[in-house]
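Breakdown of the fold
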Amino acid sequence: MFQKDEYYVLILGLDNAGKTTFLERTKSKFSRNYQSLSADKISPTVGLNIGRIDLGSIRLRFWDLGGQKDLLTLWDKYYSEAHAVIFMIDSTDKERLSMSKEAFDEMMVHPALDRVPLLVLANKQDLESAMALDEIKTIFNESLQNLGKRDFKIQPISALKSQGIHESIDWLVYCAK
Ligand code: GDP
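Let me begin by describing the structure that accompanies this report. Just so we're clear, the structure is a prediction, and the values are computed from it rather than from any experiment. (Residues numbered from 1 in each chain as written. Predicted model: local features only at pLDDT ≥ 70, side-chain atom pairs only at ≥ 80, totals over all residues.)

1. Topic: the overall build of the protein
Assigned secondary structure in the protein consists of 6 helices and 6 strands. Mapped from its N terminus to its C terminus, the protein presents α and β elements in the order β-α-β-β-α-β-α-β-α-α-β-α. Of all 177 residues assigned to the protein, the portion counted as buried reaches 33%. Taking contacts inside the protein between residues at least 6 apart in sequence as the whole, the part at least 24 apart equals 77%. (Helix = DSSP H or I, 4+ residues; strand = E, 2+ residues; numbered from the N terminus. Buried ≥ 20, exposed ≤ 12 C-beta atoms within 10 Å, placed from the backbone. Contact = placed C-beta atoms within 7 Å.)

So this is what it looks like as structure tokens:
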């Protein structure tokens, strides 16, 4: 049987950033026969959510790792397998943005992720209280100076409203090719 090329995509970020919602919406957009969970059925990530979508000859496999504090230490166990990383930011969570940045910086210095393509998603852009992309870029500025040799994109999205999901997946496929 025709074998698809498989790419592993890690979805990282603090709890409540919208990782589970993003994965659910992605699956419902790209998988046939997939029934999306309604927002109230999606619980904040505890542990591991997985998902896969097929796009032509490519299969993207997602791992949504729990962002709760005590799970952060687990992240690096998955790094060596990752072909790409999505880092999810809750654009409305000003209070924890520095914590998110810390987690981001910790991830970025990990040697296993050297050169691994990175997609930063500034989520919850449907909310008025969301910080604009430029504001987030300014706060992450130092971190974004140290990207090294990797493909990088930062994208404003609303996982809940399924906005920016196509662009995100297109970019991952572009990196996979
Ligand atoms: P996770 O812990 O990172 O997996 O976050 P969830 O996907 O469970 O989302 C946490 C909360 O944020 C839930 O109440 C979601 O409905 C909400 N949420 C996720 N994405 C969005 C978004 O784009 N806009 C809004 N307004 N809420 C969102």
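2. A look at the nonpolar core
When a protein is soluble and globular, its nonpolar side chains tend to lie buried together. Core analysis: the largest hydrophobic core is formed by 36 residues, its most contacted members being Val-9, Ile-11, Leu-12, Val-85, Ile-86, Met-88 and Leu-121. Elements supplying a minimum of two residues to this core: β1 (5-12), α1 (19-30), β3 (58-65), β4 (84-90), β5 (118-123) and α6 (165-176). Excluding anything up to four places from it in sequence, Ile-11 contacts Lys-19, Phe-22, Leu-23, Phe-62, Trp-63, Asp-64, Leu-65, Ile-86 and Met-88. (Core = buried A, V, L, I, M, F, W, Y, C linked by C-beta atoms within 7 Å.)

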